[in-house]
Amino acid sequence: MAAETNENDYFVREIEKNDGCTLKVKQCYLGDVGCVVWDAAIVLSKYLETKQFYEPSSGVNAWADRKVLELGAGTGVVGLMAATLGAQVTVTDLEDLQTLLRLNIQENWALVNSGSITAKSVVPLVESLKQLSGPETCIICCYEQRTEGVNPKVEKRFFELLQQSFTCEEIPADKQDPEFSSPDIHILHIRRKV
């Protein structure tokens, strides 16, 4: 059942794309972690636009017609960026975040030209990654390292489980967007072990 939407429940975070267009992403005043645009989501969004992936003037577009799945999409900003770059995107999160995801897709639909984006719900994470990836799959993961509460323990357990089946390569800062990066936000390329 979709929750009622009220404009007063939201505030907008704008993310300017390199082509001058702006993604307008709604966030909730009240709610859990999936209701706000995290800095890590912006870092990853801008990474998708770096020259190694996307430079229309020289004909480079790694995202054109690629199938992209964003797990734990929250507000959907990363998936939206990929869709505006030409990817066929599915954004996923828990049921209670579907309303916000769909709202943000609707809000930015005009910027999605050759790509596409739809919202669905997928759990749990590591098992999903295993079932959805093949030998050629590259999973791009971005997260902000947290030191408080239960976060370090959850992060440690996630990587223990992940490394049973996957290899993780950390992307150095010089390969990321020069303005949108941070030492405590990590981008990883994750691939199935052969």
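Computed from a predicted structure; not experimentally measured.

A. Quick peek at the confidence of the model for the protein. Taken over all residues, the pLDDT of the protein has a mean of 90, while the share at 70 or more is 95%. The secondary-structure element of the protein with the lowest mean pLDDT is helix α5 (residues 151-165), recorded at 85, while helix α2 (residues 77-84) shows the highest, at 98.

B. View of the pattern of salt bridges. Summed over all chains, the structure comprises 8 salt bridges. Notably, a salt bridge pairs E160 with K156, separated by 2.8 Å at the nearest N-O pair. Pair noted here: E160 and K156 are both in helix α5, with a separation of 4 residues, about one helical turn. Residue class for K156 comes out exposed when judged on its relative accessible area of 55%.

C. How the structure looks around the sheet that holds strand β5 (residues 67-71). Spatial ordering of the open sheet is given by β5-β6-β7, a layout of 3 strands whose pairing is parallel. Because the sheet does not close on itself, it has two edges, and the strands there are β5 and β7 (116-120). Strand-to-strand, the axes of this sheet are offset by a mean angle of 20°, without reference to chain direction. In this sheet, β7 lies alongside strand β6 (residues 88-92) in parallel orientation, the contact comprising 5 bridges.

D. Quick look at helix α1 (residues 39-48). Summarising burial for α1: 9 of the 10 residues are buried, a large majority. Packing partners of the buried residues in α1 comprise β1 (10-16), β3 (54-55), α2, β8 (139-144) and β10 (185-192).

E. Region of the structure containing helix α4 (residues 125-132). Turning to α4, its buried residues number three or more, namely V126, S128 and L129. Within α4, the buried residues cover an arc of 160° as seen down the axis, which keeps them to one side. Against β5, β8, α5 and β9 (166-170) lie the buried residues of α4.

F. How the structure looks around the packing of aromatic side chains. Scanning the model with the defined rule gives 5 aromatic pairs in all. Between F53 and W63, the aromatic rings sit 5.0 Å apart at their centres with planes inclined by 40°, giving tilted as the arrangement. With F53 in the loop between α1 and β3 and W63 in the loop between β4 (60-61) and β5, this pair connects stretches of sequence that are 10 residues apart. Considered together, F53 and W63 belong to a single accessibility category, that of buried residues. The interplanar angle of 70° and the centroid separation of 5.1 Å between the aromatic rings of F158 and F159 together place this pair among those described as edge-to-face. When sorted by exposure, F158 lands in the same class as F159, which is buried. Among the aromatic residues, ring-to-ring pairing joins Y47, F53 and W63 into one connected group.

G. How the structure looks around the sheet that holds β8. In space, the 3 strands of this open sheet follow the order β8-β10-β9, with antiparallel pairing throughout. Unpaired on one side and paired on the other, β8 and β9 mark the two borders of the sheet. Taken over all neighbouring pairs, the strand axes of this sheet differ in orientation by 30° on average, direction set aside. As defined by bridge partners, β8 adjoins β10 across 6 bridges and the pair is classed as antiparallel. Each residue of the ladder has a partner; that of C141, found in β10, is L188. Against the sheet, α1 makes contact with β8 and β10, and its axis sits at roughly 145° relative to β8, the strand it touches most.

Calculation criteria
Residues numbered from 1 in each chain as written. Predicted model: local features only at pLDDT ≥ 70, side-chain atom pairs only at ≥ 80, totals over all residues. Heavy atoms only, no water. pLDDT = per-residue confidence, 0-100. Helix = DSSP H or I, 4+ residues; strand = E, 2+ residues; numbered from the N terminus. Salt bridge = Lys/Arg side-chain N within 4 Å of Asp/Glu carboxyl O. Buried < 20%, exposed > 50% of the residue type's maximum accessible area, 1.4 Å probe, protein only. Pairing = 2+ DSSP bridges. Axes fitted to C-alpha atoms, helices over the stretch in contact; angles between N-to-C directions. Contact = heavy atoms within 4.5 Å. Arc of directions from axis to C-beta. Phe/Tyr/Trp six-rings, centres within 6.5 Å; stacked < 30°, edge-to-face > 60°.

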